[in-house]
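Chain and residue survey
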Amino acid sequence: MERHEALEIVKKQLTEHRYQHTIGVMETAIALAEQYGADVKKAELAAIFHDYAKFRPKEEMKRIILEQNMPKDLLLYNTELWHAPVGAYLVEKEVGINDMEILDAIRYHTSGRRDMTLLEKVVYVADYIEPGRVFPGVDEVRELAKQDLNKALIKALQNTIQFLMNKNQAIYPDTFYTYNSLIMELK
Ligand code: DGI
Ligand code: FE
Ligand code: FE
Ligand code: FE
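This section reports on the structure supplied with the text. Predicted, not measured: the structure shown is a model, and the values here were computed from it.

So, how was this worked out
Residues numbered from 1 in each chain as written. Chains lettered and ligands numbered in written order. Predicted model: local features only at pLDDT ≥ 70, side-chain atom pairs only at ≥ 80, totals over all residues. Heavy atoms only, no water. Helix = DSSP H or I, 4+ residues; strand = E, 2+ residues; numbered from the N terminus. Rg over C-alpha atoms; globule rule 2.2 N^0.38 Å. Buried < 20%, exposed > 50% of the residue type's maximum accessible area, 1.4 Å probe, protein only. Contact = heavy atoms within 4.5 Å. Areas by Shrake-Rupley, 256 points an atom, 1.4 Å probe, with all protein chains shown as cover. Lys, Arg positive; Asp, Glu negative; His and termini not counted. Charge placed at Lys NZ, Arg CZ, Asp CG, Glu CD. Core = buried A, V, L, I, M, F, W, Y, C linked by side-chain atoms within 4.5 Å. 1 Å grid on protein atoms, 1.4 Å probe; cavity = no way out; pocket = protein on both sides within 12 Å on 5 of 7 lines; lining within 4 Å. Points joined across faces, edges and corners; volume = space filled by probe spheres on them. Nonpolar A, V, L, I, M, F, W, Y, C, P; charged D, E, K, R; others polar. Donors = N, O, S within 2.8 Å, 3.2 Å for Na, K, Ca; no water. Near = heavy atom within 4 Å. Polar contact = N/O pair within 3.5 Å; in protein donor to acceptor, adjacent residues only side chain to side chain. Sits in = over half its atoms within 2 Å of the grid points. Expected span 1.5 Å × (residues − 1). Arc of directions from axis to C-beta. Axes fitted to C-alpha atoms, helices over the stretch in contact; angles between N-to-C directions. Parallel < 35°, antiparallel > 145°, perpendicular 65-115°, else oblique. Left-handed = near helix turned anticlockwise from the far one by under 90°.

Helix and strand counts for the protein chain come out as ten helices and zero strands. Starting at the N terminus and ending at the C terminus, the protein chain contains elements arranged as α-α-α-α-α-α-α-α-α-α. Taking 2.2 N^0.38 as the reference for a compact globule, 187 residues should give roughly 16 Å; the C-alpha atoms of the protein chain span a radius of gyration of 15 Å, in line with that estimate. Dimensions of the protein chain, computed from the C-alpha atoms along their principal axes, are close to 40 × 35 × 30 Å. Among the 187 residues that make up the protein chain, the fraction classed as buried is 48%. A separation threshold of at least 6 residues defines the contact pool for the protein chain, and within that pool the share at least 24 residues apart is 60%. Summing over all exposed atoms, the protein chain offers an accessible surface of approximately 9,400 Å²; the carbon and sulfur share of this is 51%. Seen as two clouds, the 24 positive and the 29 negative side-chain charges of the protein chain have centres 4 Å apart.

Okay, the nonpolar core next. With 58 residues, the main nonpolar core has Val10, Phe49, Val86, Val91, Val122 and Val125 as its most contacted residues. Aside from chain neighbours lying at most four places away, what touches Val125 is Leu32, Ala145, Leu149, Ala152 and Leu153.

Moving on, we come to the layout of surface pockets. The computed volume of the largest pocket comes to approximately 810 Å³. Along the wall of the largest pocket there are 27 residues; nearest its centre are Thr110, Tyr128, Thr160, Phe163 and Leu164. Only helix H2 (16-36), helix H7 (118-129) and helix H9 (149-166) provide two or more residues apiece to the lining of the largest pocket. Considering each element in turn, the lining of the largest pocket owes the most residues, five residues, to H9. Here the residues of the lining of the largest pocket are counted per class, giving ten nonpolar, ten polar and seven charged.

Turning our attention to the coordination of the iron ion (ligand 4). Here the iron ion (ligand 4) is held by the protein donor atoms His21 (NE2), His50 (NE2), Asp51 (OD) and Asp127 (OD), which lie 2.2 to 2.3 Å from it. Counting along the primary sequence, the residues that act as donors to the iron ion (ligand 4) give the motif H-x28-H-D-x75-D. Between the two metals, the iron ion (ligand 4) and the iron ion (ligand 2), the spacing is 3.5 Å, and Asp51 donates to both. Of this pair, Asp51 sits in the loop between helix H3 (40-49) and helix H4 (58-67) while Asp127 sits in helix H7; the two residues are 76 residues apart in sequence, bridging distant segments of the chain. On the accessibility criterion, Asp127 (9% relative accessible area) is buried.

The next thing to look at is the site of ligand 1. Arg18, Lys54, Thr110, Ala170 and Thr175 are the nearest of the 18 residues found near ligand 1. Between ligand 1 and Thr175, the relevant distance is 2.5 Å, taken from an oxygen atom to a side-chain nitrogen or oxygen of the residue. With the chains in place, 86% of the 570 Å² that ligand 1 exposes on its own is no longer accessible. Among the cavities detected, the one that contains ligand 1 is the largest pocket. The class makeup of the residues in the shell around ligand 1 is five nonpolar, seven polar and six charged.

Quick look at helix H10 (residues 173-186) now. Helix length check: H10 (14 residues) gives 20 Å between terminal C-alpha atoms against 20 Å at 1.5 Å per residue, within 8%. The set of residues buried in H10 consists of Thr175, Thr178, Ser181 and Leu182. Projected down its long axis, H10 carries its buried residues within an arc of 135 degrees, all on one side. Its buried side turned inward, H10 meets H7 and H9.

H2 packs onto helix H1 (residues 3-11) with a crossing angle of 150 degrees between their chain directions and a minimal axis gap of 10 Å. What the angle tells us is that H1 and H2 run roughly antiparallel. By crossing handedness, the relation of H1 to H2 is classed as right-handed. Contact residues: H1 offers Arg3, Leu7, Val10 and Lys11, while H2 offers Glu16, Tyr19, Thr22, Ile23, Met26 and Ile30.

Right, here's the structure in full:
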């Protein structure tokens, strides 16, 4: 699928702000894929569709999680986690993308997972550092991403976990598994 066609499809699903974020993720993911040797075309498509389900009604997302036998523990945690696995499902069903590497990069873009693929890491980090992001610590992750994708990913996870803890929010176990597996991979 070509970029302009993909962008036309996703634009209808998003607010203008979220569409601009998506463009930023797309450009950043392409640059990271080129730098680290990931599949550039897959990075582009995964980035374009990563937030496809962001604005689906919670009831619809909950129904899909249950009907499609996704991990039920998702329902116990922040609803913000749901759009990633639900997005992977809907991008396959509604857009017709069936490349499992692209779908997994969408599925794991919020929590990550153990032993992430290069493409999954590229999309996760691009989502975190795209030029529109302004939160504390983002510049440090941008700098790390120029040197070492794993180190950038670890810092992004540390920031996310600390941010959630400071808000007294529960942390989804996969987020910890992602962090632990990267720390152990480094050693
Ligand atoms: O969709 P985006 O805003 O571009 O970014 P995202 O999909 O990476 O994250 C969406 C939200 O998910 C973010 O506000 C923080 C939240 N989140 C990420 N990991 C966890 C989490 N919330 C909980 N409770 N636990 C997590 O592990
Ligand atoms: Fe997202
Ligand atoms: Fe993210
Ligand atoms: Fe995003």
